[in-house]
Amino acid sequence: MSVMIETHGVSKAFGSTIALDRVNIAAEGGRVLALLGPNGAGKTTLVRVLTTLLLPDAGWAKVAGFDVVKDATRLRSCIGLAGQYAAVDETMTGRENLELVGRLYHLEKKVRRERAQHVLELFGLGEAGDRQVKTYSGGMRRRLDVGASLVGRPPVLILDEPTTGLDPRSRLDLWQFIEGLVADGTTILLTTQYLEEADRLAHQIVVLDVGRVIADGTSDQLKNQLGGDVVEARVSDGSQLKAAVSILAALDEARPQVDESQRRVSVPTHTGAQTLITAARMLSEAGISLDDLALHRPSLDDVFLALTGHMAAETAPESGAASQPPRRSIFRRRRAS
Ligand SMILES: Nc1ncnc2c1ncn2[C@@H]1O[C@H](COP(=O)(O)OP(=O)(O)O)[C@@H](O)[C@H]1O
Ligand SMILES: [Mg+2]
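All residue numbers refer to position in the chain's written sequence, counted from 1. Written order decides the labels, with chains lettered from A and ligands numbered from 1. Residues qualify for local features only when their pLDDT is at least 70, as the model is predicted, and side-chain atom pairs are given and counted only at 80 or more; totals for whole chains, interfaces and linings, by contrast, use all residues. Side-chain measures were taken over the full set of non-hydrogen atoms in the model, leaving aside hydrogen atoms and water.

### So, unusual backbone geometry
Phase 1: You will see that Arg 153, though not glycine, has its phi angle at about 45 degrees, which is positive.
Phase 2: Examined against the element boundaries, Arg 153 turns out to sit in the loop between helix H5 (138-148) and strand E7 (156-160). Only DSSP runs of H or I reaching four residues or more are called helices, and only runs of E reaching two or more are called strands; each is numbered from the N terminus.

Quick look at the structure:
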């Protein structure tokens, strides 16, 4: 399969802020590449470079074989973009917005109408289609905006945080829709702060942190980088977290990762159950009281934490908990209250 989106050494600075630092990515045609990273990682900057809205300071980038600088006009005709902030006209109806996009793609009137209607239905906006956008909820605007990027049926679709601000139901609908587009051969680059989203949708995940690519691979490849399982302890009392960290560090497997706000410490291990038992004994001997102690397959969260030393997103989507890998907990205790 051919490479549809490619960057080589792309850098971009805003004054003294380095937004992109020699970024290399390559996305195969007909696949989903997720650009995963926390706020400020440089995701939108890369999206703007790829969609010709921003010139790189250094390096080159191509989409569908067209250079973002030299072939900008031809490149634009084969991409659809849904930006991070809705770009729809508030004073027009949803349908008018979609038909306008069709005009920008030089579609015939009949085709524009059909496509607009199709998108409205697809995104559950059939009823609201003839209302002004200013009466829409945030989620409805978001869906309209993503829908607008589809009117031209572009072979390459670029979605900047498409599900941020969507309720869990709309998020699921959008995921299914994206999967459908990919099945039809569309190449998609999407940015996200949600590991769960990258895990579910992406064939390839590029992890971006402060402008640099820090990992690139499939979800499984990234998880395998950690090797084995992860032992995770959650202390009942935050003041005992430090002591728990030194105990897990003494297991000599890898550097423990700490999430203070969750009173949680985790450590990758190659000797799963044995490490878990040792940890349980040592923590108990040290008089550390636990809410939870578990062994689980690494999640992308663990990968992110191990790579960057911090969590991907401060607030995970509500549906996140349901899709965490199953945890084998040997120890679970309610805090006495
Ligand atoms: N137009 C701009 N002017 C100045 N700084 C910017 C501009 N756009 C982005 N930045 C900075 O570049 C970095 C990357 O931003 P951005 O690409 O928006 O990250 P993300 O989309 O991953 O949250 C941030 O530090 C941001 O403040
Ligand atoms: Mg952004």
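Let us keep going from here.
### Remarks on the nonpolar core
Phase 1: Joining through side-chain atoms within 4.5 Å is the link that ties buried Ala, Val, Leu, Ile, Met, Phe, Trp, Tyr and Cys residues into a set, and such a set is a nonpolar core. To sort residues, take the accessible area from a 1.4 Å probe on protein chains only and compare it with the maximum for the residue type: under 20% means buried, over 50% means exposed, and anything in between is partly exposed. Leu 98, Phe 123, Leu 159, Ile 178, Ile 188, Leu 190 and Ile 205 are the most contacted members of the largest nonpolar core, which totals 46 residues.
Phase 2: With 6 residues, the top contributor of residues to this core is helix H6 (residues 168-183).
Phase 3: Only heavy atoms matter for contacts: two residues are in contact if any of them lie within 4.5 Å across the pair. With near-sequence residues (within four places) excluded, Leu 98 lies in contact with Ala 116, Val 119, Leu 120, Leu 144, Gly 147, Ala 148 and Val 151.
Phase 4: Counting residues in each nonpolar core, the second largest holds 25 residues, with Ala 27, Leu 50, Val 68 and Leu 208 among its members.

### Observations regarding the sheet that holds strand E10 (residues 212-217)
Two modes of strand pairing occur in sheets, parallel and antiparallel, and in both the strands are linked by backbone hydrogen bonds.
Phase 1: Ordered in space as E6-E7-E8-E3-E9-E10, the 6 strands form an open sheet in which the pairing is mixed. Lying at the two open borders of the sheet, with one neighbouring strand each, are strand E6 (79-82) and E10. Each strand of the sheet is rotated relative to its neighbour by a mean of 15 degrees, with strand direction disregarded.
Phase 2: Two strands qualify as a pair provided DSSP detects at least 2 bridges between them. Relative to E10, strand E9 (residues 204-209) is paired through 5 bridges, and the arrangement is antiparallel. Of the residues in E10, the one forming a bridge with Ile 205 is Gly 217. Angles here are taken between N-to-C directions and fall from 0 to 180 degrees, while the axes themselves are lines fitted to C-alpha atoms, restricted in helices to the stretch in contact.

### Let's talk about the packing of helix H8 (residues 219-226) against helix H11 (residues 300-308)
Phase 1: For the pair H8 and H11, the least separation of the axes is 9 Å and the interaxial angle reads 60 degrees. With respect to H11, the axis of H8 lies oblique. Here H8 and H11 pass one another in a crossing that is left-handed. Counting all contacts with H8, which are made through Ser 219, Leu 222, Lys 223, Gln 225 and Leu 226, the residues of H11 involved are Leu 300, Asp 302, Val 303, Ala 306 and Leu 307.
Phase 2: As a working rule, the residues Ala, Val, Leu, Ile, Met, Phe, Trp, Tyr, Cys and Pro are called nonpolar, Asp, Glu, Lys and Arg charged, and the rest polar, with Gly in that last group. Here the contact of H8 with H11 is composed, by residue class, of 6 nonpolar, 2 polar and 2 charged. Here the word oblique covers every angle except those under 35 degrees (roughly parallel), over 145 (roughly antiparallel) and from 65 to 115 (roughly perpendicular). Take the far helix as the reference: if the near one is turned anticlockwise from it by less than a right angle, the crossing is left-handed, and if turned clockwise, right-handed.

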